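Coordinate inspection notes
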Amino acid sequence: MNEPIKGTSKFLSLVLRHKPETIGLQLDENGWANVDELITKCAATGRIYTPEDLDEIVATNDKKRFAYSEDKRRIRANQGHSIMVELNLPVTEPPEWLYHGTPEKFVAAIRAEGLRKMERQHVHLSGDRETAHKVGSRRGRPVILPVHSGQMHRDGYVFYLSDNGVWLTDHVPTDYID
Ligand code: HQG
């Protein structure tokens, strides 16, 4: 592999979640890229990955960000997209509480207007405080907001669970944030 695995994962996140056009790639409506085409187009921009490199990323990436189709001819990001894709994630009944970690500076806005999906396709929630803490720490000192997901579910809000265990929903109104 021509760079540490973390750099590769970052680059694949860019291409498979946000900007496939960076390498002239097109994703289908479900977010899949053809593996051979991905490898060829990465190579054209100087990033040489073998099929075995991609196998390693799919298998070992700490957050299981990527997955193959059953026939392994296609690859996609499990969640986190900013471009419009239909992931066909299973609607799943959430636990009573989920957690959202965010930097302190966003808390006032979140208390005023709820959790919004911002640039992504969904609001991302974690099943435990520790994970939420990690998510929130990406941008500074985090605050953990408990979300009353059980009540949201009873009130008709829909939740999805991604293949890598991230809970997704469209919007969390302030009433459900503890
Ligand atoms: C905040 C990573 C102001 C929100 C993580 C967050 C996650 C508001 C930021 C995944 C707001 C959006 C997603 C409001 C929400 N006013 N700010 N009303 N509502 N926000 O990155 O949840 O490493 O799009 O709190 O692990 O931080 O990429 O969302 O701080 O799973 O695989 O707006 O990204 O995964 O930021 O993170 P993001 P997120 P990966």
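Everything below is about the structure shown above.
Residues numbered from 1 in each chain as written. Predicted model: local features only at pLDDT ≥ 70, side-chain atom pairs only at ≥ 80, totals over all residues. Heavy atoms only, no water.

**Some thoughts on the sheet that holds strand β5 (residues 123-125)**
- The strand order across the open sheet built from three strands is β5-β8-β7, with neighbouring strands paired in antiparallel fashion. What marks the edges here is a single partner per strand, and that holds for β5 and β7 (160-161). (Pairing = 2+ DSSP bridges. Helix = DSSP H or I, 4+ residues; strand = E, 2+ residues; numbered from the N terminus.)

**Let's talk about helix α3 (residues 51-60)**
- Of all the positions in α3, only Asp53, Leu54, Ile57 and Val58 are classed as buried. The buried residues of α3 occupy an angular sector of 130° when the element is viewed end-on, so they sit on one face. Turned more than 90 degrees from where α3 packs its buried face, Glu52 and Ala59 sit exposed. (Buried < 20%, exposed > 50% of the residue type's maximum accessible area, 1.4 Å probe, protein only. Arc of directions from axis to C-beta.)

**Regarding the side chain of Gln79**
- With respect to the secondary-structure elements, Gln79 resides in the loop between β3 (74-77) and β4 (98-103).
- In terms of polar contacts, Gln79 uses its side chain to reach the side chain of Asn164, at 2.7 Å.
- Among all residues touching Gln79, those that are not within four sequence positions of it are Arg17, Leu87, His124, Ser162, Asn164, Val166 and Leu168. (Polar contact = N/O pair within 3.5 Å; in protein donor to acceptor, adjacent residues only side chain to side chain. Contact = heavy atoms within 4.5 Å.)

**Some words on the nonpolar core**
- Ranked by internal contacts, the top residues of the largest apolar core, which has 20 residues, are Leu16, Leu25, Leu38, Leu54, Phe66 and Ile75.
- At the level of secondary structure, the elements contributing two or more residues to this core comprise α1 (5-18), α2 (35-44), α3, β2 (66-68) and β3.
- Residues in contact with Leu54, not counting those within four places in the same chain, are Leu12, Val35, Leu38, Ile39, Tyr49 and Tyr68.
- Within the second largest apolar cluster, 13 residues are counted, among which are Leu98, Met152, Tyr176 and Ile177. (Core = buried A, V, L, I, M, F, W, Y, C linked by side-chain atoms within 4.5 Å.)

**A closer look at the site of the ligand**
- Residues in close proximity to the ligand total 19 residues, the closest being Arg17, Lys63, His100, Thr102 and Arg139.
- Here Arg17 contributes a side-chain N or O atom positioned 2.7 Å from an oxygen atom of the ligand.
- One of the side-chain N or O atoms of Glu113 is found 2.9 Å from a nitrogen atom in the ligand.
- Burial of the ligand by the surrounding chains reaches 90%, relative to a free accessible area of 780 Å².
- When atom positions are compared with the pocket grids, the ligand is found to occupy the largest pocket.
- The class makeup of the residues in the shell around the ligand is seven nonpolar, four polar and eight charged. (Near = heavy atom within 4 Å. Areas by Shrake-Rupley, 256 points an atom, 1.4 Å probe, with all protein chains shown as cover. 1 Å grid on protein atoms, 1.4 Å probe; cavity = no way out; pocket = protein on both sides within 12 Å on 5 of 7 lines; lining within 4 Å. Sits in = over half its atoms within 2 Å of the grid points. Nonpolar A, V, L, I, M, F, W, Y, C, P; charged D, E, K, R; others polar.)

**Some thoughts on the packing of aromatic side chains**
- If you walk through the whole model with that rule in mind, you get one aromatic pair.
- Ring centres of Tyr157 and Tyr176 lie 5.4 Å apart, and the angle between their planes is 70°; on these two criteria the pair is classed as edge-to-face. With a gap of 19 residues between them, Tyr157 in the loop between α6 (149-154) and β7 and Tyr176 in the segment after β8 (167-169) connect regions that are remote in the sequence.
- We classify Tyr176 as buried; its relative accessible area is 12%.
- Stacked on the ring of Phe11, the Lys or Arg Arg47 has its end atom at 3.8 Å from the ring centre. (Phe/Tyr/Trp six-rings, centres within 6.5 Å; stacked < 30°, edge-to-face > 60°. Lys NZ or Arg CZ within 6 Å of the ring centre and 35° of its normal.)

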